[in-house]
Amino acid sequence: MNGPAERDSAQPRVLSLRCRACSATLPAASSDVAFRCAQCGRGWEIEQGELVERPALYIAPPANPSHALLYLPYWSFRASAAAQPKRRLDEGVLAARDRAAGFKRAYIAAYAIHRPTYVGEWGLIYTRAQPEWETRAGHGPQSPGASLAARDAAVVVEHYILAEIDKAADLGSLQVSVEISDPELWAVPCLDMGEFLRCPWSGAELPASAIDDLAEMRHATEERHA
Ligand SMILES: [Zn+2]
């Protein structure tokens, strides 16, 4: 296990980590900070040189997928938001109140994307759509590690929710509260079409070139399926 001094150095990390539950080697690429154990399916994040357990879930695959599935890592948070009007109720304020009440979960991609505001960030799409997914725990599909720290993810998903409420009514006219639960590491499947990835639920597409280390992620997935 690496100590904090080693992790603070500018050199790429070479980690040999083992799952604290089953002792399997964790799939740790150099930029990864969190992983799903390929053997038992439990989730771990490196925090200050220690492995901290994160609830790990995966989404049941879509029926009859047309292409190979690639499971990508997301941070998922239970969310609860409330928006109260500061003054009178008007239509926009009512819409904002309903919009706030509709958020049950917030998501953010835990893998690195180039120019996410241009190509689309699927965590934001999922946060907007609030999909009713069937989640599973335990041994399941292989998924690459997460390069985004859960702490940073929590800050962004709160902004996602605030921005969505702001679309319904100006935040200045509202008393808004957003609560985010502890982070969960989710693996969500998409269709690997080669040049791009397609979300089987929303139909959203992401160019393969927009994802950092996609080749490494594909390789890691294949290797551990074999
Ligand atoms: Zn394990």
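Higher on the page you've got the structure.
Note that this is a predicted model, so its numbers are computed, not measured.

Basis of the calculations
- Residues numbered from 1 in each chain as written.
- Predicted model: local features only at pLDDT ≥ 70, side-chain atom pairs only at ≥ 80, totals over all residues.
- Helix = DSSP H or I, 4+ residues; strand = E, 2+ residues; numbered from the N terminus.
- Buried ≥ 20, exposed ≤ 12 C-beta atoms within 10 Å, placed from the backbone.
- Axes fitted to C-alpha atoms, helices over the stretch in contact; angles between N-to-C directions.
- Parallel < 35°, antiparallel > 145°, perpendicular 65-115°, else oblique.
- Left-handed = near helix turned anticlockwise from the far one by under 90°.
- Contact = placed C-beta atoms within 7 Å.
- Nonpolar A, V, L, I, M, F, W, Y, C, P; charged D, E, K, R; others polar.
- Core = buried A, V, L, I, M, F, W, Y, C linked by C-beta atoms within 7 Å.
- Pairing = 2+ DSSP bridges.

(A) Broad picture of the overall build of the chain. Looking only at helices and strands, one finds six helices and 11 strands in the chain. When the backbone C-alpha atoms are referred to their principal axes, the chain occupies close to 60 × 45 × 30 Å. Evaluated residue by residue, the chain yields a buried proportion of 34% over its 226 residues.

(B) Here's a closer look at the packing of helix α4 (residues 122-129) against helix α5 (residues 150-168). Interaxial distance between α4 and α5 falls to 10 Å at its minimum, and their mutual angle equals 50 degrees. Here α4 is positioned oblique relative to α5, judged by the angle of their axes. With respect to the hand of their crossing, α4 and α5 are arranged in right-handed fashion. Between α4 and α5, the residues in contact are Leu124, Thr127 and Arg128 and Val157, Tyr160, Ile161 and Glu164, respectively. When its residues are assigned to classes, the contact of α4 with α5 shows four nonpolar, one polar and two charged.

(C) Region of the structure containing the nonpolar core. Core analysis: the biggest nonpolar cluster contains 54 residues, and Tyr74, Trp75 and Ala110 have the highest contact counts within it. The dominant element in this core, judged by the number of residues it contributes, is strand β5 (residues 69-85), at nine residues. Contact partners of Tyr74, with chain neighbours within four places excluded, come to Tyr107, Ile108, Ala109, Ala110, Gly123, Trp186 and Val188.

(D) Structural view of the pairing of strand β3 (residues 50-54). Here strand β2 (residues 43-47) pairs with β3 via five bridges, running antiparallel. Each bridged residue has a counterpart across the sheet, and for Glu47 the counterpart in β3 is Glu50. In textbook terms, the turn of a hairpin is the stretch between consecutive antiparallel strands, and for β2 and β3 this stretch comprises two residues, one of which, Gln48, has a positive phi near 50 degrees.

(E) Representation of unusual backbone geometry in the model. Positive phi, normally seen in glycine, also occurs at Asn64, with a value near 45 degrees. The residue Asn64 is located in the loop between β4 (56-59) and β5 in this model. Under the C-beta neighbour-count criterion, Asn64 is labelled exposed, with 5 such atoms within 10 Å. If you check the backbone angles, Asp213 has positive phi at about 65 degrees while not being a glycine. Classification of Asp213 as partly exposed rests on a count of 18 C-beta atoms within 10 Å.

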